[in-house]
Amino acid sequence: MYEFWIFITASLIATSCALVGSLLILRRMSMLGDAISHSVLLGIVLVFILFGQTNVIWLLSGAVLVGLLTAWLSEWIHQKAAVPADASLGLVFTWLFALAIILIAVYADHVHLDHDHVLFGEMAFIPFNTLHAFDINWGPKAFWLSLGVLLINLVVIGFAFERFKLSSFHPLLATTLGISAAFWHYMLMSLVSITAVASFDAVGSILVVALLVIPASTAYLFANSLAKMLLYSVLFAQAAVLIGLGLAAWIDSALSASMGVAAGLLLLISLLIKRLQQARHTAHIASKL
Amino acid sequence: MNALTTHNLSAGYQANKVLQNISLALPQSQATAIIGPNGAGKSTLLKGLMNLLPQVSGEVSFFGEPLKKQYHNIAYVPQREEVDWDFPICVLDVVLMGRHGQLKFWQRPSKHDHQLALQSLDKVGMQAFAQRQISQLSGGQQQRVFIARALAQQAKLYLMDEPFAGVDIATEKAIVALFKQLKSNQQTLVCVHHDLNTLKDYFDWVIMINGGLVAYGPIQEVLTLDNLNKTYDGRLPILQNLGLVNSEGSN
């Protein structure tokens, strides 16, 4: 059961990351995903310090608020202070993250949120922190959190699929049709925030970016529609999880890092295949002339 | 009723607005061109009308109502460069986006929407390309797809930002034929236009701007040498080539 829980949790997290990551990439906003995956820590810490809550609903709410704040504040500084967009994003999320680290050190030193854990996660511990209710062991908390977050992602993206397509392709066009591009932007940022929280425990705030960006980028090479892009990115993410777990067992390395490496290797192989396809296609056309 | 009325419309990206105090009224069923030098605020005027800029002030009404109530009646066609042509999407799906304003967020386009999209593609001669990826289109084809998207919206007023910029002759002819068709259906067109040589052939009205409004009205009445000089600050090397200018200048 030990390996099973790790595998299923990693798989759920990778699926969520692939879905929101695809939308981020199409909007040219993957670094905003990076930023939010760090700054949500502040939300978690604040909820704990201000309200003494470690309940999952509270954690997710805090994370969403700080995630939205990150997106809004970086845009606001970019516009009001005439700081370049990438710089304003960089300064906002690092500052919020640093603030969270300080707050942990001062007010919450006894909590299990330590720095290493936040940065790198620790998948091997997932099965030990279990959910008990009605005298039954329901399995690891991380599993239930990941499942819940994935369900929210699936429901929101599934229902509002056309809105996400339109506002990702051309936000201005959405506005001229009377559809609020800003609303769907912040909706996506909320999804990124809860996905980041679910990923925190397992892969940490650095490698979550690998899961957000790499499978989606690989899918971008082959997809010819948004639906296919979402499907391919989920498949590539699952492959990365499987290969990563195998790799980790084989060379006895960290699970999350192995998954990141596996995702990157898949991207490289895909690039090669894509190149070969194009070369063959060109040769095919040349032979017809 | 006028298709479009503005009162003291100013718009731009910063507090110091490019476009200042535009007040005008355009009747329905006319094709109007917006002309002016580079940086005069032609695109800004269209974007200002649609409230797409961070800084917009003044009043705008479409068919006597504010924009909020008229979104479905106004189709905006952006400049070609503003679109991400690498987005993984086929031509038909782009055209279907014209129907999204009428759909609730959880709804998918219906059969009727698909028919409208295909008819719109047919009107611009692009039906054979329905399943093609937009990244594989030529510049002219891209422009026609975006116009088809506007047609699918079934609007009454079309705002187009340089529909003829960088398109091939076949596309230009297709768009001009479409303009005639739209006008005969009592629809209204407002386009940013660059080519003064074709102005009289393609349009009925003209809006001349250079930061502010220089003149607007039927082409025969307002396209005078005096107004052109004011619009282009006297720097219009091709004025001599325009037969119309000489004849009107001598009037």
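See the structure above.
Residues numbered from 1 in each chain as written. Chains lettered and ligands numbered in written order. Predicted model: local features only at pLDDT ≥ 70, side-chain atom pairs only at ≥ 80, totals over all residues.

Section: the overall build of chain A
The line we're drawing: Strands are runs of DSSP state E lasting at least two residues, helices are runs of H or I lasting at least four, and both sets are numbered from the N terminus onward. With C-alpha atoms as the basis for the radius of gyration, the globule rule is written as 2.2 Å multiplied by the number of residues raised to the power 0.38. Any residue whose C-beta has 12 or fewer other C-beta atoms within 10 Å is treated as exposed, any with 20 or more as buried, and any in between as partly exposed, C-beta atoms being built from the backbone. The contact rule is simple: place each C-beta atom from the backbone, and if two of them lie within 7 Å, those residues are in contact.
Within chain A one finds 11 helices and 2 strands. Taken over the C-alpha trace, chain A has a radius of gyration of 20 Å; the compact-globule value for 289 residues is 19 Å, and the two agree within 12%. For chain A, the C-alpha atoms occupy an extent of roughly 75 × 50 × 35 Å along the three principal directions. Classification of the 289 residues of chain A by burial places 47% in the buried group. Once local pairs closer than 6 in sequence are excluded, the contacts in chain A between residues at least 24 apart make up 71%.

So, the sheet that holds strand 1 (residues 4–12) of chain B
All names here are of chain B. Stated precisely, the cut-off is as follows: At least two DSSP bridges between two strands are needed for those strands to be called paired. To get an axis, a line is fitted to the C-alpha atoms, and for a helix only the part in contact is used. The angle between two axes follows their N-to-C directions and goes from 0 to 180 degrees.
Taken in spatial order, the 3 strands of this open sheet run 2-1-4, and their pairing is antiparallel. The sheet is open, and its two borders are formed by strand 2 (19–26) and strand 4 (55–62), each paired with just one other strand. Strand-to-strand, the axes of this sheet are offset by a mean angle of 15°, without reference to chain direction. Bridge analysis of strand 1 against strand 4 gives 7 bridges, and the strand direction is antiparallel.

Let's talk about the interface of chain B and chain A
Applicable threshold: Ten residues, namely Ala, Val, Leu, Ile, Met, Phe, Trp, Tyr, Cys and Pro, are considered nonpolar, four, namely Asp, Glu, Lys and Arg, are considered charged, and the remaining ones, Gly among them, are considered polar.
Between chain B and chain A, the residue contacts involve 21 residues of the former and 20 residues of the latter. Residues that form the side of chain B that touches chain A fall into these classes: 14 nonpolar, 3 polar and 4 charged.

Focus on the nonpolar core
So the rule is basically this: We define the nonpolar core as any set of buried residues of the types Ala, Val, Leu, Ile, Met, Phe, Trp, Tyr and Cys, connected via C-beta atoms lying within 7 Å of each other.
Core analysis: the biggest nonpolar cluster contains 161 residues, and A63, V197 and L211 of chain A together with V95, Y158 and L159 of chain B have the highest contact counts within it. No other element matches helix 9 (residues 181–222) of chain A, which puts 22 residues into this core. If sequence neighbours within four positions are ignored, A63 of chain A has contacts with V40, G43, I44, S193, I194, A196 and V197 of chain A.

Observations regarding the packing of helix 9 of chain A against helix 10 (residues 226–251) of chain A
Each pair of packed helices can be described by the angle between their axes along with the distance between the axes. Residues and elements named next belong to chain A. Our working rule: Here roughly perpendicular refers to angles of 65 to 115 degrees, roughly parallel to angles under 35, roughly antiparallel to angles over 145, and oblique to all remaining angles. The crossing is said to be left-handed when, going from far helix to near helix, the turn is anticlockwise and less than a right angle, and right-handed when the turn is clockwise.
Orientation of helix 9 relative to helix 10, taken along the N-to-C sense of each, is 125°, at an axis distance of 8 Å. It follows from the interaxial angle that helix 9 and helix 10 lie oblique. Relative to helix 10, helix 9 is oriented so that their crossing is right-handed. Residue-level inspection shows L211, P215, A216, T218, A219, Y220 and F222 of helix 9 in contact with helix 10, the latter providing M229, Y232, S233, F236, A237 and A240. Tallied by class, residues from the contact of helix 9 with helix 10 come to 11 nonpolar, 2 polar and no charged.

Points about unusual backbone geometry
Unusually for a residue other than glycine, A82 of chain A sits at a positive phi of about 55°. You can see A82 of chain A is positioned in the loop between helix 3 (56–80) and helix 4 (85–107). Of note, N51 of chain B is a non-glycine position whose phi angle comes to about 55°, a positive value. Topologically, N51 of chain B is positioned in the loop between helix 1 (42–49) and strand 4. N51 of chain B sits in the partly exposed class, given 14 other C-beta atoms within 10 Å.

With respect to the environment of K68 of chain B
Checked against the element boundaries, K68 of chain B lands in helix 2 (residues 67–70). Residue K68 of chain B is classed as exposed on the basis of its 9 C-beta neighbours within 10 Å.

Honestly, it's all geometry; don't read function into it.
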